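# Structural features, examined
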Amino acid sequence: GDDMIVGVTTGKVPLGLYDRSYNLVVRPIGQMMTPLSRVALPLLSRLADDAGEYRHTYMQMFRTATFLIVPAMLVCITNGAPIIGLFLGPRWSAAAPIFSWICVGGLTSGIYSSASWLFISQDRSQELRAFTALAAVINVVSFLIGAIWGVIGIAIAASTGFVFLTTPLMLFGATRRGPVRPRDIVWCSMSFIIDGLLVYAALAICLQGVTLQGLPRIVAFTLTSYGLFVSLALASAANRQLLRGGLRSLRRLLTS
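Just so you know, these numbers come straight off a predicted model, no measurement behind them.

## Here we look at the packing of helix α1 (residues 2-10) against helix α7 (residues 125-146)
The N-to-C vectors of α1 and α7 enclose an angle of 15 degrees; their axes lie 10 Å apart at closest approach. With respect to their mutual orientation, α1 and α7 come out roughly parallel. Judged by the sense of rotation from one axis to the other, the crossing of α1 with α7 is right-handed. Where α1 abuts α7, its residues Asp2, Ile5 and Val6 lie against Asn139, Val140, Phe143 and Leu144. Classifying every residue of the contact of α1 with α7 by side-chain character gives 5 nonpolar, 1 polar and 1 charged.

## Considering the packing of aromatic side chains
This structure, assessed with the given rule, holds 9 aromatic pairs. Pairing Tyr58 with Phe62 gives two aromatic rings, centres 6.0 Å apart and planes at 55 degrees, and the pair type is tilted. Placement of the pair is Tyr58 and Phe62 together in helix α3 (residues 51-78), with a separation of 4 residues, close to one helical turn. One exposure class covers both Tyr58 and Phe62, and it is buried. Just above the ring of Trp92 sits the side chain of Arg20; from NZ or CZ to the centre is 4.7 Å.

## Side note on the pattern of salt bridges
All chains considered together, the criterion is met by 4 salt bridges. In this structure, Glu127 and Arg177 form a salt bridge, with 2.3 Å as the shortest nitrogen-oxygen distance. Of the two residues, Glu127 sits in helix α7 while Arg177 sits in the loop between α8 (150-175) and α9 (182-206), which places them 50 residues apart along the sequence. By relative accessible area, Glu127 is classed as buried at 12%. Among the charged side chains, a salt-bridge network with shared partners connects Arg124, Glu127, Arg176 and Arg177.

## As for the nonpolar core
Nonpolar side chains in soluble globular proteins generally cluster together in the buried interior. Grouped together as the largest cluster of nonpolar side chains are 68 residues, with contacts concentrated most on Tyr18, Tyr58 and Trp117. The greatest single-element share of this core, amounting to 15 residues, is contributed by α3. Look past the residues within four positions of Tyr58 in its chain and what remains in contact with it is Leu44, Ser114, Ala115, Trp117, Leu118, Leu171, Val180 and Ile185.

## Considering α7
Compared with an ideal rise of 1.5 Å per residue, which puts 22 residues at 32 Å, α7 spans 31 Å between its outermost C-alpha atoms and is within 8% of the ideal. Residues of α7 that are buried include every one of Glu127, Leu128, Phe131, Ala135, Ser142, Phe143 and Gly146, and no others. With its buried residues spanning 140 degrees around the axis, α7 presents them on a single face. Those residues of α7 that are exposed and aimed more than 90 degrees away from the buried face are Gln126 and Arg129. Residues of α7 that are buried sit in contact with α1, α2 (12-46), α6 (109-121) and α8.

## Remarks on unusual backbone geometry
Backbone geometry places Asp123, a non-glycine residue, at a positive phi of 60 degrees. Along the polypeptide, Asp123 turns up in the loop between α6 and α7.

Scoring rules and cut-offs
- Residues numbered from 1 in each chain as written.
- Predicted model: local features only at pLDDT ≥ 70, side-chain atom pairs only at ≥ 80, totals over all residues.
- Heavy atoms only, no water.
- Axes fitted to C-alpha atoms, helices over the stretch in contact; angles between N-to-C directions.
- Helix = DSSP H or I, 4+ residues; strand = E, 2+ residues; numbered from the N terminus.
- Parallel < 35°, antiparallel > 145°, perpendicular 65-115°, else oblique.
- Left-handed = near helix turned anticlockwise from the far one by under 90°.
- Contact = heavy atoms within 4.5 Å.
- Nonpolar A, V, L, I, M, F, W, Y, C, P; charged D, E, K, R; others polar.
- Phe/Tyr/Trp six-rings, centres within 6.5 Å; stacked < 30°, edge-to-face > 60°.
- Buried < 20%, exposed > 50% of the residue type's maximum accessible area, 1.4 Å probe, protein only.
- Lys NZ or Arg CZ within 6 Å of the ring centre and 35° of its normal.
- Salt bridge = Lys/Arg side-chain N within 4 Å of Asp/Glu carboxyl O.
- Core = buried A, V, L, I, M, F, W, Y, C linked by side-chain atoms within 4.5 Å.
- Expected span 1.5 Å × (residues − 1).
- Arc of directions from axis to C-beta.

Now the structure itself:
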């Protein structure tokens, strides 16, 4: 697995740094995505014969996943050292850049997971296995290339490979047939990409003047990140439609 590659290529200490950083990112994302998946899969399966409603429902779930995860990952990317210090302690400070780069990969983790909803709800499990295997190969190659530059190189290569190769691959595989088409994903993603870049820039600028430390700093940045992300979504009629759809999906999730 990934841990074995990191351990063999970089050693025990870097492995420990990578493992703790990885778990600090993946577990919270899993806690956010698991209940959403529990709603999305049976709902999409019931709508498999209604192409229009199926597409609409998936895109709302897609948006909800993005709203949940992207602002949080932007906070972690811009505050790697404070978060590591808060949750792991000062002796793990060397893990901060690893953690931040893993969070770059976390930006698309929600939409990557949503691809499996399409495969499974359309009874395309064999295709899912094939694309998952190909994604695993890309992941291994990314790790091996990154290992040339040590554990931080692994984090950079693995995360950028996940964002720019693995996630688009899975989405392409899931949408090459069925009610949801590649253009649906591209259209929906563009506004989130622009909003995410703007929020990242705002958070990075805030870093220059904020003197808060520890938990108050993380809370302030989290509120700022989610607040800005939502505000940008409200800036246009198209984005207001996206937000309303995402909130409806979230309300459906919470009341189901």
